[in-house]
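Results of the structural survey
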Amino acid sequence: DIQMTQSPSSLSASVGDRVTITCRASQTISNFLNWYQQKPGKAPKLLIYLASSLQNGVPSRFSGSGSGTDFTLTIGSLQPEDFATYYCQQSSSIPQTFGQGTRLEIK
Amino acid sequence: QVQLQESGPGLVKPSQTLSLTCIVSGTSIRSDGYYWSWIRQHPGKGLEWIGYIYYSGSTYYNPSLKSRLTISVDMSKNQFSLKLSSVTAADTAVYYCARYFDINNNYRFFDFWGQGTLVTVSS
């Protein structure tokens, strides 16, 4: 199985901050990397697919980059509704696997 | 508007079979390029892909669960189902159904999810 490792595991930031979350795959996955946002008690929501493509309806302050094994999710200017847990997911091979999550908290 | 809704018992006894159904609305389960998926999340933990099925009946399972797992599709009702046998407390989780998009071996993401249903394994 491909292991996905996110860092940091948790992060405190303020409204208006720019934040970056990283995700590393244990082997190359090309650009088959997706990012999801999950709020408490809710299902995950797709933000970014194929490493850098913004899903319809997702604000442009979200962006993704990377290929191979190293990827990043950047939130350009944090809004109150962005405080949530973020997961990366590889879809290069079965079994599809997720990172352990990054919890983004209000400072 | 695509919607998925899980249904099934919230409590299952150890060694029994966990059975869930996902009702799909707003789109046909026959749509090309879409795979109908199950994902679970243990309490307070991360996400685990269980498996998915194409409308043709082709199934793809997580090897860690494959020996206990059956995913099936009912096109007449536009729904798909999960059966996980010989459950233990380790199968206690929120179970999500989700739509997975993969066309021409590209894209490959979960774009619509159900709200999730908590299944507890306990006697």
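Use the structure listed above.
The paragraphs below set out a description of the structure included in this document.

Calculation notes
Residues numbered from 1 in each chain as written. Chains lettered and ligands numbered in written order. Predicted model: local features only at pLDDT ≥ 70, side-chain atom pairs only at ≥ 80, totals over all residues. Heavy atoms only, no water. Helix = DSSP H or I, 4+ residues; strand = E, 2+ residues; numbered from the N terminus. Buried < 20%, exposed > 50% of the residue type's maximum accessible area, 1.4 Å probe, protein only. Polar contact = N/O pair within 3.5 Å; in protein donor to acceptor, adjacent residues only side chain to side chain. Pairing = 2+ DSSP bridges. Axes fitted to C-alpha atoms, helices over the stretch in contact; angles between N-to-C directions.

1. A short note on the environment of Asp82(A)
Residue and element names in this part refer to chain A. Relative to the assigned elements, Asp82 resides in the loop between β8 (70–75) and β9 (85–90). Assessed through its relative accessible area of 1%, Asp82 is described here as buried. Sequence-wise, Asp82 and Ser26 are 56 residues apart; in three dimensions their C-alpha atoms are separated by 28 Å. From its side chain, Asp82 meets the backbone nitrogen of Gln79 in a polar contact 2.8 Å long.

2. Topic: unusual backbone geometry
Residue and element names in this part refer to chain A. The residue after Ser7, namely Pro8, is reached through a cis peptide bond having omega -5°. Within the secondary structure layout, Pro8 lies in the loop between β1 (4–7) and β2 (10–13). Omega for the peptide link from Ile94 to Pro95 comes to 5°, which places this bond in the cis form. Here Pro95 shows up in the loop between β9 and β10 (97–98). Positive phi values are uncommon outside glycine, yet Ala51 reaches one of about 70°.

3. Topic: the sheet that holds strand β3 (residues 18–25) of chain B
All names here are of chain B. The strand order across the open sheet formed by four strands is β1-β3-β8-β7, and the pairing between neighbours is antiparallel. On the outer flanks of this sheet lie β1 (3–7) and β7 (69–74), each paired with one strand and no other. Across the sheet, the mean angle from the axis of one strand to that of its neighbour is 20°, orientation sign disregarded. Two strands pair when backbone bridges link them, and β1 and β3 are joined in this way by five bridges, in the antiparallel orientation. Directly across from Leu4, in β3, lies its bridge partner Val24.

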